[in-house]
Amino acid sequence: MKNVPINKNFLHLCVDNKAGDNAMDDTKDKQESTEQLPTVDLSTLSPDERMIQEGFNDLLKDYLNSNHRRKVERITKAFNFAKQAHDGVKRRSGEPYIMHPIAVAKIVCSEMGLGSTSICSALLHDVVEDTEYTVEDIRNMFGDKIAQIVDGLTKISGGIFGEQTSAQAENFRKLLLTMSDDIRVILIKMADRLHNMRTLGSMLPAKQFKIAGETLYLYAPLAHRLGLFAIKTELEDLSFKYEHPNEFEMISKKLEETAPVREQLFQHFAANAQISIFRCCHHVVDIALMKTVRQPGAARDMTVCLRHDIQAIISRQKSSEIFRQPWHAEGRSFDPAQFFDIRIL
């Protein structure tokens, strides 16, 4: 990607407005704000600008629906800076380049559950690598923590995943886990690769094959080590799609054709499993009651409390969201999660 020159006026504007932005770490902020989505008249924007604004609004909605502190102003500042830094640059698919950092930030927020520091770093993750802005510029505008994460992401892109590293991929995978003081560097890099794989269709076949092989060999095992099992599975599926397109198409068709039969088998298995869990729970409750009744003194009060808690659990079964259909064998529905409630009693 071609380097984009720095807009010094924008840089000075960001620096002048950085009051209170030095303490950027989520764990150090003690006050929460109730910020709302910024209002922008989309009808006045060009198609590209509308696409960008809608993508950013979706990101903010995901963030505001999370349990993190509300720091919309901070994220908006990072978005505006990244948007200006990548202004005029297009991806191979033809969409504005800023859509990629927005998509990575959405993965970081909604699929990984990270907070505002990680979202800002995701929005800025290509700024130092692809433009003339430096890590010091990021530090002056967004603080040490975000600058450290962006610097780590830049080093991974430029120093580890170069053209001559395929033979040493295993060593680099181990290095990734120890090279940074902040695991968020690795998580954001995983989100970056996931979005690149999701949009790999716009690349040339030779590039697709190379990136898919690297992903399958390096990123998918790393995601597994980090406990990102859904991402690991998707990376493997996408890699298989581009490495073996014919086999992938054949398997996809067979899965689509057999979907109704597999769903029927699953429902049959789930119904039997529900009945087994319900009977097991009743057995555990009976044992608990027997042991409680045999205790002298205050045991009778404990028995009353236990029976009261069991009745409360059974009453909650009727409103279970997991299994809405009643069991004809038992005459009621049951949420397996309640099994653990009974065991705790």
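J.: Looking at this structure, how should I read the overall build of the chain?
T.: The helix and strand inventory of the chain stands at 15 helices and zero strands. By the burial criterion, 42% of the 345 residues in the chain qualify as buried. Restricting to contacts in the chain with at least 6 residues of sequence separation, those with at least 24 account for 69%. With the model as given, the accessible surface of the chain reaches about 19900 Å², and the carbon-plus-sulfur share is 53%.

J.: Could you clarify how one ought to interpret the packing of aromatic side chains in this entry?
T.: Think of a pair of aromatic rings as described by two things: how far the centres are apart, and how the planes are tilted against each other in angle. Scanning the model with the defined rule gives four aromatic pairs in all. Plain terms: the ring middles of F56 and F79 are 3.9 Å apart, the flat faces sit at 10° to each other, and that makes the pair stacked. Here F56, found in helix α2 (residues 47-64), pairs with F79, found in helix α3 (residues 72-85); they are 23 residues apart in sequence, far enough to count as distant. There is no split in this pair, since F56 and F79 are both buried. One aromatic cluster is present, built from ring pairs that chain together F81, Y133 and F142. Over the ring of F142 we find K77; its NZ or CZ atom is 5.2 Å from the centre of that ring.

J.: Can you walk me through the packing of α2 against helix α4 (residues 99-111) in this structure?
T.: Helix packing geometry: the angle between the two helix axes and the distance between the axes. Interaxial distance between α2 and α4 falls to 9 Å at its minimum, and their mutual angle equals 15°. Looking at the two axes, α2 sits roughly parallel to α4. Helix-helix and strand crossings are classified by hand; for α2 and α4 the assignment is left-handed. Contact with α2, carried on its side by M51, I52, G55, F56, D58, L59, D62 and Y63, involves M99, I102, A105, K106, C109 and S110 of α4 and no other residues of that element. Residue composition of the contact of α2 with α4, grouped by class: nine nonpolar, two polar and three charged.

J.: Please explain the confidence of the model for the chain as it appears in this structure.
T.: Close inspection of predicted coordinates is inappropriate in any region flagged by low pLDDT. Model confidence for the chain is summarised by a mean pLDDT of 75, while 61% of its residues fall at 70 or above. In the predicted structure, residues 15-34 sits below a pLDDT of 50 and forms 36 contacts with residues beyond four places in sequence or in another chain. In the model, residues 298-303 has pLDDT below 50 throughout and makes five contacts with residues more than four positions away in sequence or in other chains.

J.: Where do I start with a nonpolar patch on the surface in this structure?
T.: A contiguous nonpolar surface patch, about 270 Å² in accessible area, is contributed by M250, I251 and L255. By the element assignment, L255 lies in helix α13 (residues 245-293).

J.: When you look at the nonpolar core in this model, what are you seeing that I'm missing?
T.: Nonpolar side chains tend toward joint burial in soluble globular proteins. If you look at the biggest cluster of nonpolar residues, it comprises 62 residues, and the most contacted ones within it are L123, L124, I138, M190 and L235. Ranked by the residues each element gives to this core, the list is headed by helix α10 (residues 184-198), at eight residues.

J.: I would appreciate a short explanation of helix α12 (residues 229-243) in the present structure.
T.: Residue pairs three or four apart in sequence face the same way in an α-helix, which turns once every 3.6 residues. For α12, built from 15 residues, the straight-helix expectation of 21 Å at 1.5 Å per residue is met to within 8% by its first-to-last C-alpha distance of 21 Å. All buried positions along α12 are accounted for by I231, K232, L235, L238, S239, Y242 and E243. The buried residues of α12 occupy an angular sector of 135° when the element is viewed end-on, so they sit on one face.

J.: Any chance you could explain the pattern of salt bridges here in plain terms?
T.: In the structure shown here, the tally under the stated rule is twelve salt bridges. Between D182 and K145 there is a salt bridge whose closest N-O contact spans 3.7 Å. Pair noted here: D182 is in the loop between α9 (169-178) and α10 and K145 is in helix α8 (residues 144-160), with a separation of 37 residues, a long-range link. Each of E111, R198 and E234 takes part in one network of salt bridges that share partners.

J.: Hey, could you run me through the packing of α3 against helix α7 (residues 135-142) in this one?
T.: One way to put it is that α3 packs onto α7 with a least axis distance of 12 Å and a crossing angle of 150°. Between α3 and α7, the angle falls in the class roughly antiparallel. As for the relative orientation of α3 and α7, their crossing is right-handed in sense. Across from K77, A78 and F81 in α3, the residues of α7 making contact are I138, M141 and F142.

J.: Explanation requested: α2 in the structure shown.
T.: For α2, which comprises 18 residues, the first-to-last C-alpha distance of 26 Å matches the rise-based estimate of 26 Å (1.5 Å per residue) to within 8%. Three or more residues of α2 are buried, namely I52, Q53, G55, F56, N57, L59, L60, Y63 and L64.

Cut-offs applied
- Residues numbered from 1 in each chain as written.
- Predicted model: local features only at pLDDT ≥ 70, side-chain atom pairs only at ≥ 80, totals over all residues.
- Heavy atoms only, no water.
- Helix = DSSP H or I, 4+ residues; strand = E, 2+ residues; numbered from the N terminus.
- Buried < 20%, exposed > 50% of the residue type's maximum accessible area, 1.4 Å probe, protein only.
- Contact = heavy atoms within 4.5 Å.
- Areas by Shrake-Rupley, 256 points an atom, 1.4 Å probe, with all protein chains shown as cover.
- Phe/Tyr/Trp six-rings, centres within 6.5 Å; stacked < 30°, edge-to-face > 60°.
- Lys NZ or Arg CZ within 6 Å of the ring centre and 35° of its normal.
- Axes fitted to C-alpha atoms, helices over the stretch in contact; angles between N-to-C directions.
- Parallel < 35°, antiparallel > 145°, perpendicular 65-115°, else oblique.
- Left-handed = near helix turned anticlockwise from the far one by under 90°.
- Nonpolar A, V, L, I, M, F, W, Y, C, P; charged D, E, K, R; others polar.
- pLDDT = per-residue confidence, 0-100.
- Patch = residues over 30% accessible without salt bridge, like charges linked within 9 Å, V, L, I, M, F, W, Y side chains within 5 Å.
- Salt bridge = Lys/Arg side-chain N within 4 Å of Asp/Glu carboxyl O.
- Core = buried A, V, L, I, M, F, W, Y, C linked by side-chain atoms within 4.5 Å.
- Expected span 1.5 Å × (residues − 1).
- Arc of directions from axis to C-beta.

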